[in-house]
Amino acid sequence: MTANRREESLQKIPAAITAITGETLARDNITSLEGVADKTPGLTFAAFAEGQPEIAIRGVGTKEDGPAASDSTVVSIDGVYIAARSSQVFDLFDLERVEVLRGPQGTLYGKNSIGGSINFVTLKPTKDFRMKLQLKAGNYGRMDAAGLISGPIADNLYAKIAVSYRSSDGYLRNVLVGSPFYGQRWGETESVSVRGALRWVPTDRFEAMLSVEAVRDNNGATNREPVGSQGPLHNCGCASDPVAVNIALGGGGSPYTTLASVEGYTRRNIFGANLQLNYDFGFATLNSISSYRETHYGYLEDSSGLPASSAFTDLTGASGNPNNTLLGPATNGFTFKITDAVHEQPKQYTQEVRLTSPSGGKVEWIVGAFISKEENSRNEGFNFPALGRTDRLPSISNSYQTNDSLSYAGYAQATWRVAPGLSLTGGGRYSYERKKISSQAVINSGLPLLLQAYPLSFAQDSWRNFSWKVIADYEIRRDLLVYASVSTGFKSGGFTGTASTAAVATKPFDPEKATNYEIGAKAQFFDRRLRFNLAAFYTDYRDLQVTRFFQPAGTTFGQFITENAGKARIKGVEVEASATPVRGLEFGGTFAYLDARYVEFTGTPSTIVTGNFNGNRLRQAPEFTASAYGGYTYEFADQSSLGIRGTYKYQSLSYYDADNNPITVIPGYDLVDGSITFTSSDKHLELSLWVKNLTQTEYRTHVFSQRDSRVAFALYGEPRTYGLTATFKF
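Residues numbered from 1 in each chain as written. Predicted model: local features only at pLDDT ≥ 70, side-chain atom pairs only at ≥ 80, totals over all residues. Heavy atoms only, no water.

Chemist: Break down the overall build of the protein chain for me, citing the residues and quoting the values.
Modeler: Tallying secondary structure elements over the protein chain gives five helices and 43 strands in all. A compact globule built from 730 residues would reach a C-alpha radius of gyration of about 27 Å, and the protein chain, at 26 Å, matches this within 12%. Over its C-alpha atoms, taken along the principal directions, the protein chain stretches across nearly 80 × 60 × 45 Å. Here the protein chain holds 730 residues, and the buried ones make up 57% of them. Considering only intrachain contacts with a sequence separation of at least 6, the fraction spanning at least 24 residues in the protein chain is 69%. (Helix = DSSP H or I, 4+ residues; strand = E, 2+ residues; numbered from the N terminus. Rg over C-alpha atoms; globule rule 2.2 N^0.38 Å. Buried < 20%, exposed > 50% of the residue type's maximum accessible area, 1.4 Å probe, protein only. Contact = heavy atoms within 4.5 Å.)

This is the structure in structure tokens:
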């Protein structure tokens with residue numbers, strides 16, 4: 001484990017951390033962040049689109065997706081902080097492990113780690129030759145291939161290259177009768193990832209490693225399934241009721257069929273490079289990490305999954321009463337159909353330098369400095385094809401945004417072994433963040449339904465923060481550690497993305513701050529065959545950045561806005577356990593209870609809510625999550641083996657709007673996966689039959705609202721998938 005920026009045993013670190021090995025990821029067929037969330041108590045994952053993940057830890061997350069926003073969880077790969085959300089989801093083939101740190105990590109990980117930190121650690125080039133090839137075939141045309149080669153190429157010089165290709169035909173079927181897309185299969189995926197690394201170790205004291213990665217994704221459409229409609233207007237069973245339209249046109253039977261009349265896509269290209277230098281002075285090791293990343297990301301989505309109404313609505317009233325078409329028959333199609341298109345180009349430069357003392361001394365310490373420069377440009381367009389003026393042109397608008405950020409920090413942390421078994425840790429970090437933005441909205445045709453036209457506008461702001469933590473831990477006996485900690489963190493301020501007016505675009509929202517109080521225990525029993533970890537926490541969360549899409553009272557159009565809530569209170573308990581009672585048998589699981597509520601939040605009133613959200617649950621904060629796994633491996637006389645394994649996940653209901661609207665929820669659900677694996681006697685060949693979502697559960701992975709939370713649409717997780725994976729190791 002490197003959670004504290006040094007190699008340590010997981011059970012000796014006084015913090016709530018989940019570590020998942022690369023072997024476990026492969027065994028459970030986990031290829032994305034969503035799968036990591038399934039095994040981590042308190043971590044939930046949702047995604048508006050593939051390049052717009054929404055990660056929440058203990059109910060602390062971010063909905064705002066503009067270029068001047070920051071996530072609540074720091075995502076990094078090999079120590080490199082990934083700022084752009086569109087770069088945070090990537091292939092997990094050549095990983096050594098994933099580390100998830102829960103709670104504020106403001107000292108060592110800095111700004112925006114107010115919810116926690118997720119660290120992906122890839123396999124380093126090895127001194128001995130290794131080769132791995134993996135082939136996978138499954139239903140829905142699933143065909144994947146991945147390979148890794150690692151080993152020496154010259155004296156003291158080692159190299160690694162890992163290549164992964166993933167593809168499928170998709171599981172969506174277009175059922176819009178009369179459409180040129182009728183009968184087509186949508187949702188296809190095609191992704192290519194390449195990672196390469198050179199590692200030079202000329203002496204026992206010095207090591208240099210250069211890593212380069214490239215990703216290219218070309219994925220098909222998703223389906224936004226109508227899941228809710230309520231008054232006024234939208235509970236009419238008519239053309240303004242998306243649920244009624246979905247049923248009337250034959251799309252209401254399954255979330256895996258679609259009535260979309262526009263075929264969406266997601267396309268992404270990522271390039272990243274980093275250079276790591278390590279030099280051991282004896283009294284301390286100097287680490288330097290220099291990195292550059294850039295992403296080209298774009299998507300087009302039919303945000304309602306429905307065809308536009310065949311009867312155009314002139315909302316001005318000049319052509320007659322708009323209700324004549326708004327209340328027309330559901331078979332006409334959806335009056336408020338909207339398509340959403342985004343193109344984004346983030347770039348990032350980072351430099352971190354730290355000095356780390358050797359492990360095992362009376363005092364262990366680390367000091368460091370960090371600087372990051374981020375640039376991002378984003379263009380988002382909206383098209384309402386069936387709403388407008390007398391000219392009957394679609395209402396089309398575009399938002400153009402840029403952000404230029406500069407941040408730097410200095411930090412230090414030390415652990416003092418006061419007495420046998422007793423240690424005290426203290427740390428602090430000073431952070432500075434500055435953001436400069438530009439924003440403009442253009443109405444290309446029709447009416448200003450989401451954006452009001454405004455000229456190119458500029459704004460900037462900066463924020464400073466000092467985060468700290470204090471920990472006391474005591475090893476009662478070997479393999480039994482208890483701890484208590486107080487830690488703080490902050491998420492930098494920013495500006496609303498895709499703002500509806502110039503006033504909203506140029507008004508900054510404040511940073512978030514959190515203070516977390518935690519007690520925990522880490523225990524191993526019966527010669528380490530039973531492991532049990534427990535954490536209980538209380539978080540005082542202030543100035544939450546809450547993003548809403550709503551219609552402010554007294555206005556005639558919807559708006560995006562991010563504003564600060566006053567306070568929230570978060571408390572909970574997390575448990576992780578695993579056991580290997582006899583040779584070949586293993587089982588375990590996780591459990592999390594979470595109570596995350598607004599204490600002081602009076603937001604901007606809308607046409608249907610007062611804005612008083614006190615007592616409501618936070619977004620993306622299910623009260624209960626749990627997981628379990630079990631497996632047994634039988635070893636034959638020739639040393640070959642046959643293993644069976646099953647996993648289970650449960651997540652209770654979670655809300656996705658601040659008003660806890662019952663139509664914008666992810667209902668509780670559970671998932672069951674399983675596999676049967678044969679391993680040859682020489683361990684060179686592994687064959688695995690696997691199934692995901694065995695019980696064919698229809699479950700939501702994201703939900704969002706329109707029309708002031710009067711209509712709601714959801715993305716659904718994959719149906720049952722199954723296949724065969726062959727892995728060759730040399």
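Chemist: Run through the side chain of R619, naming residues and quoting values.
Modeler: Its location among the elements puts R619 in the loop between β34 (585–600) and β35 (624–635). Exposure remark for R619: the relative accessible area of 14% places this residue in the buried category. Residues within four places of R619 in sequence aside, it is in contact with E54, G59, K63, Y598, Y655, Y656 and H702.

Chemist: How would you explain the sheet that holds strand β42 (residues 711–716) if you had to name every residue and give the values?
Modeler: With antiparallel pairing, the three strands of this open sheet are ordered in space as β15-β42-β41. The sheet is open, and its two edges are formed by β15 (225–229) and β41 (700–706), each paired on a single side. Within the sheet, the average angular offset between the axes of one strand and its neighbour, ignoring direction, is 25 degrees. (Pairing = 2+ DSSP bridges. Axes fitted to C-alpha atoms, helices over the stretch in contact; angles between N-to-C directions.)

Chemist: How would you sum up the nonpolar core? Please name residues and give values.
Modeler: The biggest cluster of nonpolar side chains holds 34 residues, and the ones touching the most others in it are Y299, F334, F384, L387 and L450. Secondary structure elements with two or more residues in this core: α3 (242–248), β18 (285–302), β21 (363–384), α5 (502–505), β31 (545–550) and β42. Filtering out sequence-adjacent residues up to four positions away, Y299 remains in contact with F48, A49, Q52, Y265, T266, D340, A341, V342 and E380. Ranked by size, the runner-up nonpolar core spans 22 residues in total, among them I57, I82, F90 and V100. (Core = buried A, V, L, I, M, F, W, Y, C linked by side-chain atoms within 4.5 Å.)

Chemist: Describe the state of the cysteines, listing the residues and the values that go with them.
Modeler: When the sulfur atoms of two cysteines share a covalent bond, that bond is a disulfide. This model, assessed by the stated rule, comprises one disulfide. Bridging C236 to C238, the disulfide has an S-S length of 1.8 Å. With the S-S bond torsion at -70 degrees, the cross-link from C236 to C238 turns out left-handed. On the basis of relative accessible area, C236 is assigned to the partly exposed category, the value being 31%. Assessed through its relative accessible area of 5%, C238 is described here as buried. (Disulfide = S-S within 2.5 Å.)

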